[in-house]
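Structure assessment
What follows is the residue order along each chain.
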Amino acid sequence: MEAAEYMKKALALAKIALGYTSPNPVVGCVIVKDGEIVGTGYHHQAGAPHAEVLALQEAGDRATGATVYVTLEPCAHYGRTPPCARTLVQHKIKKVVIAMLDPNPLVAGKGAAILRQAGIVVEVGLLSAEAVKLNEVFIKNMLSNIPFIAIKLAQSLDGCIATRTGHSQWITNAWSRQYGQYLRSIYDGILVGINTILEDNPLLTCRVRREGQVVPHQPIRIVLDTYGRTPLSSQVVNDKTARTIIMTTAQCPQEKKEALLAAGVTVLTAPTANTGCVDLHAALQLLRQEGIGSILVEGGSTIHGSFFDAKLVDKIYAFLGNSIIGGTCALCSVAGEGVDGLEECVPLHYDSIEIHDDNILIQAYNVAREGAYVHWNH
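All values derive from a computational prediction rather than experimental measurement. (Residues numbered from 1 in each chain as written. Predicted model: local features only at pLDDT ≥ 70, side-chain atom pairs only at ≥ 80, totals over all residues. Heavy atoms only, no water.)

Description of the sheet that holds strand 6 (residues 148–155)
Selection rule: Only strands joined by at least two bridges in the DSSP assignment are considered to pair. Segments assigned H or I by DSSP are reported as helices when at least four residues long, segments assigned E as strands when at least two residues long, and all are numbered from the N terminus. The angle between two axes is taken between their N-to-C directions and runs from 0 to 180 degrees, where each axis is a line fitted to C-alpha atoms and a helix contributes only its stretch in contact. By the convention used here, residues are in contact when the closest approach between their heavy atoms is within 4.5 Å.
Strand order in this open sheet of 9 strands is 11-10-9-8-12-6-13-16-15, and the pairing throughout is mixed. Both edges of this open sheet fall to strand 11 (266–269) and strand 15 (348–356), since each of them pairs with a single strand only. Mean inter-strand twist for the sheet, computed between neighbouring axes without regard to direction, equals 20°. In this structure, strand 8 (residues 189–193) lies alongside strand 12 (residues 294–297), joined through 3 bridges in parallel fashion. Residue pairing for strand 12: I190 is matched across the bridge by L296. Contacts from helix 7 (residues 174–184) reach strand 6, strand 8, strand 12, strand 13 (315–320), strand 15 and strand 16 (359–366), with the element oriented near 160° to strand 13.

Printed below as a string of structure tokens:
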């Protein structure tokens, strides 16, 4: 196997834990000696052993003189676990190939420096683009005090999410809906507006168990509710499968806040924006303080529009069904104020396009997002 193949395996291992390691990054590690893989590991969850430690445990004595392929620079600081860079030194590793350096200021090249000072050969940058994409949430969290924001659009080919009569089931197919469940499993939170709660009374839980995981990862449910209209009878209030946060404003009656708190719901009060709704920038700062590093925004069109208007979108998952709805009264997928000129649009880069059973999934990035052009491979 070539070096890139070993790193691809390490990246695949890291991907297994997406959604489970927050606030930590996902990391995979492969140890190779004499052309044979002798140890593998990945970071399962925050507080658990790091990928390098698990791989070293599997390799045992065979780690001496081996080459380590790891998706993220080995840590150099003492946290819940000892620094992995020093552990690799103790096991007399010959060479370490690192996909990307760690954006964490506590590490930031220090792990690689420890290895080099011990006489270990260090190479940085193999499949760095793939590694950066895998830890895009962690990078954003290291650079910003607001969560990574992903928007999920499920729409007809002409950009509608419902007909003029409100009919919407189902615009996209079973594969798209299943993939949507997967997305819920990799983000810390799932966000909707109060209209979605009032119209659909959704559960907003993840119903897929991924490979290598015992139970589904449940995102924290977040409802933007300016006036505190969330019914106490709603599923997001009564179901205890996942935590629920109601993000409201001073316009929510105090007795409603107390009733929600008594029902076990977290209530956060954000300032009111000029639009009369929740100030999104302030709300995201509050959510970051709650430990939420990434949010999947699932609609509806008003909420989607507010995030685009505020230039807060990092990534887009656009699911396109095989239908044209048409009509001036059909509901578009992104409402809000919109832009006056095309130069005001969020600049997008199409990352991938897939076709599955006559549905299209486009994954795109805001090229102006924080951390977009940072290359952690120097």
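Topic: a negative patch on the surface
Here is the rule we go by: A patch is a set of surface residues, each over 30% in relative accessible area and not in a salt bridge, joined within 9 Å for like charges and within 5 Å for the nonpolar side chains Val, Leu, Ile, Met, Phe, Trp and Tyr. Here, Shrake-Rupley sampling with a 1.4 Å probe gives the accessible areas, and only protein chains in the shown set may cover a residue. Whenever Lys or Arg places a side-chain nitrogen within 4 Å of a carboxyl oxygen from Asp or Glu, that contact is recorded as a salt bridge. Note on charges: Lys and Arg go in the positive column, Asp and Glu in the negative column, and His and the chain ends are not counted at all. By convention, the point assigned to a charge is CZ for Arg, NZ for Lys, CD for Glu and CG for Asp.
A contiguous patch of negative charge on the surface is contributed by D309, E337, D340, E343 and E344. If you trace the backbone, D340 turns up in the loop between strand 14 (331–332) and strand 15.

Focus: a nonpolar patch on the surface
Stated formally: In this scheme, a residue with accessible area under 20% of its type's maximum is buried, one over 50% is exposed, and one in between is partly exposed, where area comes from a 1.4 Å probe on protein chains only.
Side chains of L348, Y350 and I353 sit close together on the surface and give an oily, nonpolar patch of about 320 Å² of accessible area. For L348, the position within the fold is in strand 15. Note on L348: relative accessible area 43%, which makes it partly exposed.

Details of the environment of L204
Mapped onto the elements, L204 comes out in the loop between helix 8 (194–200) and strand 9 (220–224). On the basis of relative accessibility, which here comes to 3%, the residue L204 falls in the buried class. What L204 contacts, discounting residues up to four positions off in sequence, is R184, I190, V192, I197, P219, R221 and V236.

Here we look at the sheet that holds strand 5 (residues 121–124)
What the 5 strands build is an open sheet, ordered 2-1-3-4-5; its pairing is mixed. Both edges of this open sheet fall to strand 2 (36–42) and strand 5, since each of them pairs with a single strand only. Adjacent strand axes in the sheet meet at a mean angle of 15° when their direction is disregarded. Contacts from helix 2 (residues 51–59) reach strand 1 (28–33), strand 2 and strand 3 (67–70), with the element oriented near 140° to strand 2.

Some remarks on the pairing of strand 10 (residues 244–248)
To be explicit about the condition: Whether a crossover is right-handed depends on one test, that the path from the first strand over the helix to the second runs clockwise when the strands point away from the viewer.
Summarising burial for strand 10: 5 of the 5 residues are buried, a large majority. Going residue by residue along strand 10, you find T244, I246 and T248 tucked away on one face and I245 and M247 tucked away on the opposite face as well. Here strand 9 runs beside strand 10; their pairing, made up of 4 bridges, is parallel. Each residue of the ladder has a partner; that of L224, found in strand 10, is M247. Here strand 10 pairs with strand 11 via 4 bridges, running parallel. Bridging across to strand 11, T248 finds its partner in T269. Each parallel crossover has a hand, and for strand 10 linked through helix 10 (residues 254–262) to strand 11 it is right-handed.

Considering helix 11 (residues 280–289)
Taken together, the buried positions of helix 11 are occupied by L280, A282, A283, L284, L287 and R288. Just downstream of helix 11, G291 is the residue with a positive phi angle, here 90°.

Looking at the pattern of salt bridges
Enumeration according to the criterion identifies 9 salt bridges in this entry. Close ionic contact of E5 with K8 constitutes a salt bridge, the shortest N to O distance being 3.5 Å. With a gap of 3 residues between them, E5 and K8 both fall in helix 1 (residues 3–15), about one helical turn apart. Taking the relative accessible area as the measure of exposure, E5 reaches 36% and is therefore partly exposed.

A word on the packing of aromatic side chains
What counts is decided by this rule: In summary, the pairing rule links any two rings of Phe, Tyr or Trp, Trp by its six-membered ring, whose centres are within 6.5 Å, and it sorts them by plane angle into stacked for under 30 degrees, edge-to-face for over 60 and tilted for everything else. Lysine NZ or arginine CZ positioned within 6 Å of the ring centre and within 35 degrees of the ring normal marks a charge as sitting over the ring.
A complete count under the given rule lists 6 aromatic pairs for this structure. Joined through ring pairs, the aromatic side chains of W175, Y179, Y182 and F319 make up one cluster. Positioned above the aromatic ring of W170, the side-chain terminus of R177 is 4.3 Å from the ring centre.

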